[in-house]
Structure formats: C-alpha cells, structure tokens
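Descriptive structure summary
Listed below are the residues making up each chain.
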Amino acid sequence: MLYPYVFQALLARKGIKADKVAGFLACSILLFFMAVRRSSVGVDTQYYSYVYTQFAEIPWKNLFSAPLYGGRTETGFFTFDFEPGYRIANKLLSCFFSSAQAITVFNSVLILLPLYLLIRRDSPLILLSIWLYLTLGIYQTEMNVTRNGIAILICYLAFDWIKRKKLIPFLLCVFFAASFHQTALFFLPLYWLINGFHLRPRQMIFLISIAWLIGLNFNRAAFLLQTLLPHRYARYLSGGDFSIASVLVGVFNGVLFLAVWLMMNQTERSEAMPKLNLGIWLFTLNLCFFGLNLSMEAGARLAALFGPYIICLIPQMIACIKQRERRAWTILGVSVLSFLQFVVRLSINNIGGTMPYQFFWS
C-alpha cells in the first residue's frame, strides 16, 4: 500500500496532483488481494464458493426457489436464502466459469469498483479514505459479509440522489441493492431524514445517549415487541449477540470523530455541520445502533450499514480545517490512531479470519 502514497508524493514534488490516480492504484491493489484470496481467507468465503458450485445444476425455472446448501451439520445440511439479484449473478457466472473462484472475483469487483467511485466523489483526501477503509477493518469485514458490502456501497453511491432530492432514482438504487441483501431497505428513511432535518451537536448527543440507554434497558420492551412481530423479524430483537469487540468498534468510531472535532475551531464546526449533514446522520445512526447492540441481536449488523461512510466523513471534516499546519497534524493523528486500532483489533478477533492470508493457487 506504500506504492500509491510514494507515487502521489513524487508527482506532488513536480507540482502534479495525482490523488485520483493514486487512489485508483490503491483500490486496484486491494481488489487484487480480495479477488485472488483462497476460500479459507474469511469465514464466509468458503460458503459463497461452495454455494456457487450448485448453480450450474439449478434450472433457470427453479432459480429463485431452489434451496442452496452451505454445508453439513450434526442435524443435516444448513441452507442459505440468497436474494434474487445475487442468485441471478451466480447463475450467469456459472454458465461461463466452472471454478468457484469466479464468484470471489466477481464479488470483489462489485465491492472495490463502487468504493473507488464513492471516495473519488465524496472524499477530499482519497488516500486517507483508503487508509481508513483498510485500518478500520472495513476491507476485511467485506471479505466476509460480501452481499451486505455490495448492497451498502450501491446505496452509498445512491446518496447523490438524496442530495439532489431525486426520490425515484434513489428508491430504484436501494431496491436494486436489496436484490443483493435485503438490509439495504434500511436506507430508505435516509431520504427524508437527511432532507428534512439538519443535525446539530446537541441533537447528535441526545440521539446517541437515548439509544445507549435503551440498549442498556432493552429486554422488557424487546419481549413485548417479539410477541407482536413474525418470528423472522422478532428473532433480531433477542439478546445474545452482544460482544465487547463490537461495542469497542463503536467507541473507537466515536473517539476518531471526537479527535477531529476537537482539532476544529468553532467557526469550522459551525460551517461543517450543515455541509456534512449526510455524513453526520450516518455517523449518528452508526453509534445509535452500536448502543442498541448492548441487548439487541441485530444492533451491530445495522450499525455496519452506516459505519463505512466514516471513511469519507473524517476526510470531509479535516478538509474544513482551514489552517494548513493544524490540518496536517490532524491527518497524522487520525492515521496513527486508526493504525493502532487496527493492530489491537487484529489481536482480538482477526477481523473475520482473514489472516493468515493465502492465494487461491497456493
């Protein structure tokens, strides 16, 4: 990953701005390692690969109803219920490629290409965004929750329609993303939230505090809701998915945001809030769902929908810092903090079993 940074620095000495080219090189490197990894790299990679081999035998007429087997357990086989868009993608690929590596390559392209388009459009510091994408564990996480990662990035690209107040194109993009993973539907309310309400610091603190308080006292309300909802949705209101690791991810996101916030002066903060309303909303929702995760099973999963946009929000906030030296120190501090968090996180849970890394041909 040093190559794109050195490339940018050498051209900068000659007065040539090469942020976008360096960003493309960095994303290409990440794409290479994601695409050619062995199926054992990442907990879920083996399941996506195994399921892919079944599509060649599934007739087109049964494509949306055929069971997809993920592996054998003590009581039999467990199955996956993939969304229609992802089933179609697997079936089309199976018509041309017999190797299961094809789906890993396809998924990787469908993650890293939207990522590059997103940071090229929304990030004023492209290489910092990529550094955050890697060190905050988002890259490794998306090696596991592949369908979710694809859906999230499609929706992030659709945020431009929110800014332009184009409801129909935004809805179409979200529904398309939901054909890969249905959690994309949780992005629908953002159109009205972002266009209707501009968050202020006190409102952010209030929403986050309420969410964490509910998370600490959620069991009674959850039991009542479980009796009213179908089992498919009620199970997400149960406890048991809490882990200190997921809560620490939310805490660190808050620390990173606060570190940049404190480096800004009052004028810069006042100017940044309305300008960065979309990112502020996503960050607030991310911390809110991490708070709910204290006693709600799906809290961390929902937090993961809104969390990745922090790779654009932090550079956007830094760009609002007008003094050059203070801005440089902020970039350095963010880079060091995120790297230290990366080392600690790898030592705790290995971010989905992505290390040690192996190529598929090894």
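First things first, this report covers the structure right here in the doc. Not measured: the values here are computed from a predicted model.

**Here we look at the packing of helix α4 (residues 84-94) against helix α5 (residues 101-122)**
Between α4 and α5, the least distance of the axes is 10 Å, while the angle of their chain directions is 130 degrees. When the axes of α4 and α5 are compared, the pair comes out oblique. With respect to the hand of their crossing, α4 and α5 are arranged in right-handed fashion. Contacts between α4 and α5 involve Y86, A89, N90 and L93 from the first element and A102, I103, F106 and N107 from the second. Residue composition of the contact of α4 with α5, grouped by class: six nonpolar, two polar and no charged.

**Comments concerning the side chain of H181**
Turning to its location among the elements, H181 is positioned in the loop between α9 (167-178) and α10 (190-196). Not counting chain neighbours up to four residues away, the residues in contact with H181 comprise E83, R147, N148 and A151.

**Concerning the environment of S335**
Assignment of secondary structure puts S335 in helix α19 (residues 324-353). Assessed through its relative accessible area of 19%, S335 is described here as buried. Separated by 200 residues in the primary sequence, S335 and T135 have C-alpha atoms spaced 8.7 Å apart.

**Remarks on the side chain of N144**
Tracing the chain through its elements places N144 in the loop between α7 (138-142) and α8 (146-163). Judged by relative accessible area, which is 7%, N144 ranks as buried. Setting aside anything within four residues of it in sequence, one finds N144 in contact with G42, V43, D44, Y48, I351, G352 and T354.

**Description of the pattern of salt bridges**
In this structure the tally under the stated criterion is five salt bridges. Between E83 and R147 there is a salt bridge, with its nearest N and O atoms 2.4 Å apart. Separated by 64 residues along the polypeptide, E83 in the loop between β2 (76-80) and α4 and R147 in helix α8 bring together distant segments of the chain. Taking the relative accessible area as the measure of exposure, R147 reaches 11% and is therefore buried. Here K322 makes a salt bridge to E271, at a shortest N to O gap of 2.7 Å. Taken together, the residues span a long stretch of sequence, with K322 in the loop between α18 (310-319) and α19 and E271 in helix α15 (residues 266-275) at a distance of 51 residues.

Parameters and conventions
Residues numbered from 1 in each chain as written. Predicted model: local features only at pLDDT ≥ 70, side-chain atom pairs only at ≥ 80, totals over all residues. Heavy atoms only, no water. Axes fitted to C-alpha atoms, helices over the stretch in contact; angles between N-to-C directions. Helix = DSSP H or I, 4+ residues; strand = E, 2+ residues; numbered from the N terminus. Parallel < 35°, antiparallel > 145°, perpendicular 65-115°, else oblique. Left-handed = near helix turned anticlockwise from the far one by under 90°. Contact = heavy atoms within 4.5 Å. Nonpolar A, V, L, I, M, F, W, Y, C, P; charged D, E, K, R; others polar. Buried < 20%, exposed > 50% of the residue type's maximum accessible area, 1.4 Å probe, protein only. Salt bridge = Lys/Arg side-chain N within 4 Å of Asp/Glu carboxyl O.

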